[in-house]
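# Per-entry structural report
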Amino acid sequence: MSKAIFLDRDGTLNIDKGYTYKTQDLKFFPDVSKALNLLKKDFKFVIITNQSGIGRGYYTEEDFHKFNNRLVGELEKKGIKIEKTYFCPHHPDDNCGCRKPNTKFVEQAKKEFGIELKNSFVIGDHPNDVELGRNAGCKTIYLLTGHGKKHFKELKAKPDFTASSLFEATRFINQKREKIKTKEEIEKIAKELKQKGKKIATCNGCFDILHPGHIYLLEESKKQGDILIVGLNSDKSVKGNKGPKRPINNENARAAVLSSLDIVDYVVIFDEKTPIKLLGAIKPDVHCNGEEYGYDCIEAPTVRKYGGRIHLIKNYKGFSTTKLLEGI
Ligand SMILES: [Mg+2]
Ligand SMILES: [Zn+2]
């Protein structure tokens, strides 16, 4: 049995101009081939796309094939094989059985390519894609590219993960759960590491929709020690700090994403509003914080009590999840 990634096309792989069919309009989102190349060893790729533009008379099936062959060919040049593209040509009013979120094409692909659905993913920028995944028993990832932001409020079923791009989705797919520890586990691990002479660095945050500012914070934190332990605010803790609409991704998904990063050695979810109790358990050599918190941040007395120091990190190019989520 193989695993598959069922990819939506327009708004997921390529920029969606609305009923995209002209070959000159074919433009991939950044890092699409990089993302698929990261996943190809473990997954087969199948495109499932609603093309009601055909049923509406905006373009022909031939136009569709011309565009799609170009897209599949461009990916092939980058070393990526699309096993098959399934498309629904019907008008939504036709009530056909193949338009997403109907599972007909997923079932067909399952038979044709021997796919195990429960370990496969459906990825797309429309609530239909999430519903398709749910209906078919796959994992689901919702993208904020394409129409994703516009339709965010219409999501009936919660996706397993919401990502800012296909590339960010690979982090969730490539999670390394063995790095996720409880406070009790990390206390023991930290003690052993210190006995071995390892220097422990810590940082913490909500890491809701990952952005380059987060990556910078994590990289700079890792430079301060041999081992980086990231404290992750639990869902309860995020709500307490940022209000009822956050987090977008639950604590399991956020921990999973952090665990996929090579620079992160361990992730611990903490429930309090601050990581003070967690830091008391880890007793880090260096605790890293955004420069806006200053050397007298609330964590400072706990860190210093065990001989550690505070390291401040600049806010990288003003990235923030709150800004990233504007418009949803
Ligand atoms: Mg789409
Ligand atoms: Zn159809």
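In this text the structure is predicted, and so the values were computed from the model without any measurement.

## Brief notes about the coordination of the zinc ion (ligand 2)
Protein coordination at the zinc ion (ligand 2): the donors are Cys88 (SG), His90 (ND1), Cys96 (SG) and Cys98 (SG), at 2.0 to 2.3 Å from the metal. In this structure, the zinc ion (ligand 2) is surrounded by four donor atoms whose angles at the metal cover 101 to 120°, and the resulting shape is tetrahedral. Every donor residue of the zinc ion (ligand 2) comes from the same chain, spaced as C-x1-H-x5-C-x1-C. Assessed through its relative accessible area of 29%, His90 is described here as partly exposed.

## Re the pattern of salt bridges
Following the criterion strictly, the structure yields 17 salt bridges and no others. Arg9 is the partner of Asp10 in a salt bridge, and the nearest nitrogen-oxygen pair spans 2.8 Å. Neither Asp10 nor Arg9 differs from the other in exposure class; each is buried. Salt-bridge contacts for Lys77 lead to Glu74; the nearest nitrogen and oxygen are separated by 3.4 Å. Taken together, the positions of Lys77 and Glu74, both in helix α3 (residues 61-77) and three residues apart, correspond to about one turn of that helix. When its relative accessible area of 27% is taken as the criterion, Glu74 is described as partly exposed.

## Some thoughts on the nonpolar core
In terms of nonpolar packing, the biggest core is built from 51 residues, with Ile5, Leu7, Leu36, Phe45, Ile141, Leu166 and Leu218 touching the most fellow members. Taken domain by domain, this core gets at least three of its residues from each of domain 1 (3-173) and domain 2 (177-324). Setting aside its immediate chain neighbours within four residues, Ile141 contacts Phe121, Val122, Ile123, Gly124, Phe161, Ala163, Ala169, Phe172 and Ile173. In terms of nonpolar packing, the next biggest core, distinct from the first, is built from 18 residues, Phe6, Tyr86, Cys98 and Leu117 among them.

## Details of the coordination of the magnesium ion (ligand 1)
Note on the magnesium ion (ligand 1): its protein donors are Asp8 (OD), Asp10 (O) and Asp125 (OD). The metal-donor distances range over 2.1 to 2.2 Å. Of note, the magnesium ion (ligand 1) draws all its donor residues from one chain, in the sequence arrangement D-x1-D-x114-D. Residue Asp8 is located in the loop between β1 (3-7) and α1 (32-39), and its partner Asp125 is located in the loop between β4 (121-124) and α5 (127-136); the two are separated by 117 residues in the primary sequence.

## As for the sheet that holds strand β9 (residues 227-233)
Spatially, six strands are ordered β7-β10-β9-β8-β11-β12 in an open sheet, and the strand pairing comes out parallel. What marks the edges here is a single partner per strand, and that holds for β7 (180-181) and β12 (309-313). Inspection of the sheet shows strand β8 (residues 200-205) paired to strand β11 (residues 286-290) by two bridges, in the parallel sense. In the sheet register, Ala201 faces β11, and the bridge partner there is Val286.

## Some details on the pairing of β12
Within β12, four of the five residues are buried, leaving the element largely enclosed by the surrounding structure. In the sheet, β11 pairs with β12 via five bridges, with the strands oriented parallel. Paired with Gly290 across the two strands is Ile313, which belongs to β12. Read as a crossover between parallel neighbours, the route from β11 over helix α12 (residues 300-305) to β12 is right-handed.

## A closer look at the UniProt feature "domain: Cytidyltransferase-like" (unreviewed entry) in the chain
Within this numbering scheme, the UniProt entry marks residues 203-297 as carrying the feature "domain: Cytidyltransferase-like" (unreviewed entry). Between the end C-alpha atoms of residues 203-297 the distance is 13 Å, and the span holds 37% helix and 21% strand.

## Description of the sheet that holds strand β5 (residues 139-143)
Sheets are built from strands that pair by backbone hydrogen bonding, the pairs being arranged parallel or antiparallel. Taken together, six strands build an open sheet; the order of strands is β3-β2-β1-β4-β5-β6 and the sheet is parallel. Two strands in the sheet have a free side with no partner beyond their single neighbour: β3 (82-88) and β6 (161-163). For this sheet the average axis-to-axis angle between neighbouring strands, irrespective of direction, equals 20°. Sheet analysis places β1 next to β4, joined by three bridges and oriented parallel. Across the sheet, the residue bridging to Leu7 is Ile123, located in β4.

## Section: the domain arrangement of the chain
By domain assignment, the chain separates into domain 1 (3-173) and domain 2 (177-324). On a C-alpha basis, the centroid separation for the pair domain 1 and domain 2 is 34 Å. At the junction of the two partners, domain 1 supplies 11 residues and domain 2 supplies 11 residues. Both sides together, the interface formed by domain 1 and domain 2 hides about 940 Å², and carbon and sulfur atoms give 59% of it. Between the two partners, domain 1 and domain 2, sit zero salt bridges. Here domain 1 and domain 2 share two residue pairs in polar contact (both at pLDDT 80 or more) between them. Every element with two or more residues in the side of domain 1 that touches domain 2 is listed here: β6 and α6 (166-173). Broken down by element, the side of domain 1 that touches domain 2 gets its largest block of residues, three residues, from α6. The class makeup of the residues in the side of domain 1 that touches domain 2 is four nonpolar, two polar and five charged.

Quick notes on the rules
- Residues numbered from 1 in each chain as written.
- Chains lettered and ligands numbered in written order.
- Predicted model: local features only at pLDDT ≥ 70, side-chain atom pairs only at ≥ 80, totals over all residues.
- Heavy atoms only, no water.
- Donors = N, O, S within 2.8 Å, 3.2 Å for Na, K, Ca; no water.
- Tetrahedral: all angles 85-135°; square planar, octahedral: opposite > 155°, others 65-115°.
- Buried < 20%, exposed > 50% of the residue type's maximum accessible area, 1.4 Å probe, protein only.
- Salt bridge = Lys/Arg side-chain N within 4 Å of Asp/Glu carboxyl O.
- Helix = DSSP H or I, 4+ residues; strand = E, 2+ residues; numbered from the N terminus.
- Core = buried A, V, L, I, M, F, W, Y, C linked by side-chain atoms within 4.5 Å.
- Domains from an automatic or database assignment.
- Contact = heavy atoms within 4.5 Å.
- Pairing = 2+ DSSP bridges.
- Right-handed = clockwise from strand over helix to strand, strands pointing away.
- UniProt positions renumbered as here; feature names shortened; annotations may be inferred.
- Axes fitted to C-alpha atoms, helices over the stretch in contact; angles between N-to-C directions.
- Buried area = accessible area lost by both parts, 1.4 Å probe.
- Polar contact = N/O pair within 3.5 Å; in protein donor to acceptor, adjacent residues only side chain to side chain.
- Nonpolar A, V, L, I, M, F, W, Y, C, P; charged D, E, K, R; others polar.

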